[in-house]
Every structure is written in structure tokens, then in C-alpha cells.
Amino acid sequence: MKIVVASDSYKGCMTSSEVADIMQQAILDVDETIEVKKITVADGGEGFIQAMVDATGGRIRTCRCVDSYLNPTDSIYGVIYGDTAVIEVAKIIGLVKRKNVVLQPEKGSSFGVGMMIKEVIRQGYKKIIIGLGGSCTNDGGMGVLNALGMVFYDTYGNKLYPKAENLEYIVKIDASNFIDVSNLEVTVACDVKNHLLGQNGATYVFGPQKGVTDIWLTRLEKGMENYCALMRNTFNIDLDAYEGGGAAGGIGSVLLGLLHAKMQLGIELLLDAVHFDEEIKDADVIFTGEGQTDAQSLQGKAVFGILKHAKEQNVPLLCLSGALKEGYQKLYDYGASGCYSILNSPMPYPQAFQLSRRNLYNTTYSLVKTMVSVRGEK
């Protein structure tokens, strides 16, 4: 029997690699003769660099950066194929980095992402892949542009710090020292289609997930509208015109609009890199999963991307997730053979996190035990 393990991370709980290791151990504890192929998975968010590096035999480099609140920190980027840098927004300004801290997205900045882009350009890389998932900022990419040389002024001629709460105060933009990006080939790994503005835009859809309060929602949206209007008047670029522009608090809009990036589903980038179809064509079953499976999983998430390939290759797929919420049933319509929550009883959220490794092991063990028994009876 051959089992391919290709699970996304359980966000904030277990990485893709940790999930794969636990599943593999459970599988081999049932039958050590089973062939297990582990594939690190990410869809552009948490773990994207590691997944791409693992897939291609690349390497990881460290550089000095700043976090979402402009505090100096070390971060990483990947190098693949020898000529391509991989940047992960979640690593630099991600929600996971702010765990157990009161989030203040109005004070957050994407400046660190711009710093990283500038650094890889300085290192000579002309091809850049940027994973957009998992940011905790909502500054419309103002920080990215500022790090690349664009300066923003208020009505008194003062330079503005590139953070979300200052979007409403911008009255002038100076791009005379903006870095030359004409020779860059930028690919954005993204699974959302939201535009920058409006009820379905960056602020109203993703803001509350990042800690934006009701008081700040309207204010940040008005700030984003002011920012967009000035960008349009100054550079004849409509940041709200781009599908996916609302990703990562609006970083998507500046990458698409000013760096002329092309957008691709992160999971498809990864599956292409690992030659996934070749890996699964002789598999008996695929084990995948994520922290929570629901209707949103069908919108370009890793699990759904893997499921599409499994169906094309006619390989059964089992999805093991931390929780199953409304809409997960639709995975069956697209060919899933089974969807399971690893929880074995009702429990508070912190306890579920604490017991996640044990519960994942036990669920995997039980499923594989059943598969082996049924196969033996046949």
C-alpha cells in the first residue's frame, strides 16, 4: 500500500511538516510495510517558503527585517531554482507572529515586506514569488511602497509613517526615488479574489479577523478610499481594479498595480513544483487536512487544490481536520472519500490545541487500521 500525506498546516497549532510526521508515524505503527510519501503543503500563507524549498531542493536565507509594528526582527526568504526568491508575508507580518498579543491593525504596516523585496533585489534576484496569506495588516500596501522609496505627506508637508491609521491623512505622494522594478518578474501566490475597497474588500472582509474593531472599520475604509484616489490621480493607477487586490490587507493591489505581478493559486504553484500528479498516480489513498474545513476551503485553499488533482488521477482522498464547519460537505461533491474532525469529544478551544497531536495520531491510526482490515478481508 502507498499513502501520500499532503496536509496543510493546522494554523497556529501544527505546521504541514509536523502534521505529516504525525500521520506517517500513525500509519507505520499500523503496518510498517506501507510506503508513505510526505509532501509539505502551503497555499501561499503560513509555511509557504518551507513548502517551496522542500519541493525544489532550494535553500533558506536569513535577513534583517521589521515586523508589522516596525520592530526590528530577523526573517527568512527562500531561494529556488537558483534564480528565484520566495517571500512569505505571514513570516514577516503574520497573525501567528502576534499570537497572545492584543492586535492593533490600525497601527500595522507592511513595510517589512517591502524591505524584504528590496533585499532580494539587492541580492540580484529578478524573479520573486510572494505568498500573500496570513497578514495582520490593513495598510493597502502603503508600507511596501514606502520601503521601496515612495514617500507620503500630510497636509502640513510632514512625512507620514506607513501605517493603516495614516491612510486618511495622505495628501501628496512622491515617487521620485521609487526603486526600478521594470526588470522584475513577480508572481503572487494568493487564493482570494477580493478587491481592495467596499463591503467585499480588504477592510470589511478581512479586517475583523485581524482585530479591526467596529470603530475603526469605517475610518480605515475611508482612509483606503483616500489612498486609492491619490494613487489614481498621481499615477493613473486604480488599485481597486484588481481581483485579489484586497489580499494581505491590500498588499495585493500594489503588487499587481505597480510591480505588475501575475497572480496564481499558491497551491497550484506548489503542486507543480513537486510534480504532484506523478507522485500520486500509483497511490492507494491521499491523506490531507487543515485546521478548519468549511465552505471557504473550496475557494482555492490547499485541501481543495489537492482534491482536484486526486479526482483527476482517480485516487481516493481522506481529509482530516481540526474542525469541520458548515459547508465542508461540498468536498464530497468534488470527489472526497471521507472528511473527519480529529476531535474525539467536545472540548474548549485551548484544550483542542493542546491535544491536537494526540488526536491527529489517533484518528489517522484508526482510519488506517480500518483500511488495512477491509483490504485484508477482500
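Predicted model only: the values in this text are computed from it and were never measured.

Asker: Quick question: what am I supposed to make of the overall build of the protein chain here?
Answerer: From N to C terminus, the protein chain includes 14 helices and 15 strands. Along the first, second and third principal axes, the C-alpha set of the protein chain runs to 80 × 45 × 35 Å. Every one of the 378 residues in the protein chain was classed for burial, and the buried ones make up 55%. Taking contacts inside the protein chain between residues at least 6 apart in sequence as the whole, the part at least 24 apart equals 72%. Taken as a whole, the protein chain presents about 16,500 Å² of accessible surface, with 47% of it coming from carbon and sulfur.

Asker: Explain the packing of aromatic side chains to me, please; I cannot follow it from the model alone.
Answerer: The description of an aromatic ring pair uses the distance of the two centres, along with the angle that the planes make with each other. Following the criterion strictly, the structure yields five aromatic pairs and no others. Centre to centre, the rings of Tyr77 and Tyr125 are 6.5 Å apart; their planes meet at 70°, and the pair counts as edge-to-face. Of this pair, Tyr77 sits in strand β4 (residues 72-80) while Tyr125 sits in the loop between α4 (111-122) and β6 (127-131); the two residues are 48 residues apart in sequence, bridging distant segments of the chain. Just as Tyr77 is buried, Tyr125 falls in that class too. Measuring from ring centre to ring centre gives 4.9 Å for Phe304 and Tyr334, while their planes differ by 90°; the resulting arrangement is edge-to-face. With Phe304 in helix α11 (residues 302-312) and Tyr334 in the loop between α12 (330-333) and β15 (338-341), the pair connects residues that are 30 residues apart, well separated along the chain. Accessibility expressed as a relative area gives 10% for Phe304, which makes it buried. Lying across the ring of Tyr153, Lys172 places its NZ or CZ 5.5 Å from the centre.

Asker: What exactly am I supposed to notice about the nonpolar core here?
Answerer: Nonpolar side chains tend to gather and get buried jointly when the protein is soluble and globular. Grouped together as the largest cluster of nonpolar side chains are 55 residues, with contacts concentrated most on Ile117, Leu132, Tyr227 and Leu258. Residues contacting Ile117, with those up to four places away along its chain left out, are Ile87, Ile128, Ile130, Val144, Leu148, Leu255 and Leu259. If you look at the next biggest cluster of nonpolar residues, it comprises 38 residues, including Ala42, Phe48, Ala273 and Ala283.

Asker: Looking at this structure, I do not really get the sheet that holds strand β13 (residues 317-321). What am I missing?
Answerer: Two orientations exist for strands paired in a sheet by backbone hydrogen bonds: parallel and antiparallel. Taken in spatial order, the five strands of this open sheet run β2-β1-β11-β13-β15, and their pairing is parallel. With partners counted over all chains shown, the strands left at the sheet margins are β2 (35-38) and β15, one partner each. Averaged over all pairs of adjacent strands, the angle between their axes in this sheet comes to 20°, without regard to strand direction. Bridge count for strand β1 (residues 2-5) against β2 is four bridges, and the pairing is parallel. The residue of β2 that forms the bridge with Lys2 is Glu35. Helix α1 (residues 16-30) contacts β1, β2, β11 (285-288) and β13 of the sheet and is inclined by roughly 175° relative to β2.

Criteria and cut-off values
- Residues numbered from 1 in each chain as written.
- Predicted model: local features only at pLDDT ≥ 70, side-chain atom pairs only at ≥ 80, totals over all residues.
- Heavy atoms only, no water.
- Helix = DSSP H or I, 4+ residues; strand = E, 2+ residues; numbered from the N terminus.
- Buried < 20%, exposed > 50% of the residue type's maximum accessible area, 1.4 Å probe, protein only.
- Contact = heavy atoms within 4.5 Å.
- Areas by Shrake-Rupley, 256 points an atom, 1.4 Å probe, with all protein chains shown as cover.
- Phe/Tyr/Trp six-rings, centres within 6.5 Å; stacked < 30°, edge-to-face > 60°.
- Lys NZ or Arg CZ within 6 Å of the ring centre and 35° of its normal.
- Core = buried A, V, L, I, M, F, W, Y, C linked by side-chain atoms within 4.5 Å.
- Pairing = 2+ DSSP bridges.
- Axes fitted to C-alpha atoms, helices over the stretch in contact; angles between N-to-C directions.

Everything listed here is a matter of geometry and, on its own, says nothing about what the molecule does.
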